[in-house]
Amino acid sequence: MTMMMRTSFLRRAAGFVVAAALLAPVPARAASTAKPDGKDLWSTHCILCHGETGAPGPQAAKLGVANLSLAKWQASRTDDQIRKIITEGKQDTLMRPFGDDLTKEEIDALVTYVRGLGKAAASKKK
Ligand code: HEC
């Protein structure tokens, strides 16, 4: 009997921990001097539409998301253009502006990360 009560208590406690983790607010941006991590930022803000490698999934491709890992796309944009797109978004598309949510340093880290997607794809082909 006590054994059973204990199990159900533990189960409920475990459920609570999971719920608390899900409900926990995203921590405010730490005011740290650490360099922003492009990969982390990509996973948090961009991966949903642009995929892990910069190649959109089938649904995103239908929305006109370019394959950012392609050499052809990489060559078609300067770093400044990429920075501007991330900061200001593209009007009338799902690509929204991130300039209000991310710092300049974070956007720079994303530009570098987007460039890295092209390099990663190119080195895979070899
Ligand atoms: C809700 C979906 C969505 C999210 C989230 C998203 N994008 Fe986009 N992104 C798009 C779409 C759609 C386009 C294509 C817009 C067009 O050219 O029609 C795009 C285009 C782009 C382009 C290429 C634009 C061009 O002109 O070639 C870059 C670079 C880009 N996104 C970077 C990012 C980065 C970095 C993030 C995260 C900070 C991000 N995106 C988050 C939907 C998204």
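Rules used throughout
Residues numbered from 1 in each chain as written. Predicted model: local features only at pLDDT ≥ 70, side-chain atom pairs only at ≥ 80, totals over all residues. Helix = DSSP H or I, 4+ residues; strand = E, 2+ residues; numbered from the N terminus. Buried ≥ 20, exposed ≤ 12 C-beta atoms within 10 Å, placed from the backbone. Core = buried A, V, L, I, M, F, W, Y, C linked by C-beta atoms within 7 Å. Contact = placed C-beta atoms within 7 Å. Near = placed C-beta within 6 Å. Nonpolar A, V, L, I, M, F, W, Y, C, P; charged D, E, K, R; others polar. pLDDT = per-residue confidence, 0-100. Axes fitted to C-alpha atoms, helices over the stretch in contact; angles between N-to-C directions. Parallel < 35°, antiparallel > 145°, perpendicular 65-115°, else oblique.

Q: Help me get a handle on the overall build of the chain, residues and values and all.
A: The number of helices and strands found in the chain is seven helices and zero strands. For the chain, the α and β elements follow one another from N to C terminus as α-α-α-α-α-α-α. When the 126 residues of the chain are sorted by exposure, 13% land in the buried category.

Q: Outline the nonpolar core, supporting the account with residue identities and numerical values.
A: The biggest cluster of nonpolar side chains holds eleven residues, and these are W42, C46, L68, I86, L102, I107, A109, L110, V111, V114 and L117. Element by element, the count of residues in this core is highest for helix α7 (residues 104-125), at six residues. When residues no more than four places from it in sequence are discounted, the contact partners of I107 are R83, I86, T87, F98 and L102.

Q: Explain the site of the ligand to me, using residue names and the numbers behind them.
A: Close to the ligand lie 21 residues, the nearest being H45, C46, C49, T93 and M95. Those elements that provide at least two residues to the shell around the ligand are α3 (47-50), α6 (79-88) and α7. Residue composition of the shell around the ligand, grouped by class: 15 nonpolar, four polar and two charged.

Q: Tell me about the confidence of the model for the chain, and please be specific about residues and values.
A: Any segment with low pLDDT has predicted coordinates that should not be analysed in fine detail. For the chain, the mean per-residue pLDDT works out to 85, and 73% of the residues sit at or above 70. Ranking the helices and strands of the chain by mean pLDDT puts α6 first, with 98, and helix α1 (residues 2-23) last, with 61.

Q: So, the environment of A120: which residues are in play, and what are the values?
A: The topology assignment puts A120 in helix α7. Between the alpha carbons of A120 and S69 there is a distance of 7.7 Å; along the sequence they are 51 residues apart. Apart from the residues within four sequence positions on either side, A120 is in contact with T53 and S69.

Q: How would you explain the environment of T112 if you had to name every residue and give the values?
A: Structurally, the position occupied by T112 is in helix α7. Exposure remark for T112: the 13 C-beta atoms within 10 Å place this residue in the partly exposed category. Linking T112 and R83, residues 29 residues apart in sequence, is a C-alpha distance of 9.6 Å.

Q: If you had to explain the packing of helix α2 (residues 38-45) against α7 to someone new, which residues and values would you point to?
A: Where α2 contacts α7, the axes come no closer than 8 Å and their chain directions differ by 95 degrees. Between α2 and α7, the interaxial angle falls into the category roughly perpendicular. Along the contact surface, α2 presents G38, K39, L41 and W42, while α7 presents E106, A109, L110, T112 and Y113.

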